[in-house]
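Each chain, letter by letter, is given below.
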Amino acid sequence: MAAGEERSDEVEGLRLIRAFLSLPPDKRAEVIAFAEELARAHALSTEGREASPR
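Reading guide: rules and limits
- Residues numbered from 1 in each chain as written.
- Predicted model: local features only at pLDDT ≥ 70, side-chain atom pairs only at ≥ 80, totals over all residues.
- Heavy atoms only, no water.
- Salt bridge = Lys/Arg side-chain N within 4 Å of Asp/Glu carboxyl O.
- Helix = DSSP H or I, 4+ residues; strand = E, 2+ residues; numbered from the N terminus.

Draft legend 1. Structural view of the pattern of salt bridges. For the coordinates displayed, the defined rule picks out 2 salt bridges. We note a salt bridge from R15 to E12, for which the minimum N-O separation is 3.8 Å. With R15 and E12 both in helix α1 (residues 3-22), this residue pair falls 3 residues apart, about one helical turn. With its nearest N and O atoms 3.7 Å apart, the salt bridge here joins E30 to K27. With a gap of 3 residues between them, E30 and K27 both fall in helix α2 (residues 25-51), about one helical turn apart.

Printed below as a string of C-alpha cells:
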C-alpha cells in the first residue's frame, strides 16, 4: 500500500471515529450492536469455509 493510501485510510478512520463520538448514546449503542452482528456473521461464514472440503 502506498503512503498516500495509508494516510487516506487513517484520515477516513479518524472521520468515522469522530462521527461515532458525535452520536447520542442510544445511537452509539445501535452502531455497536450492528457492528457486533456483522462480526458474528463474518466469523460464522469464515468457520463454514474452514470446515467445508475444497
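Anyway, onward from the coordinates.
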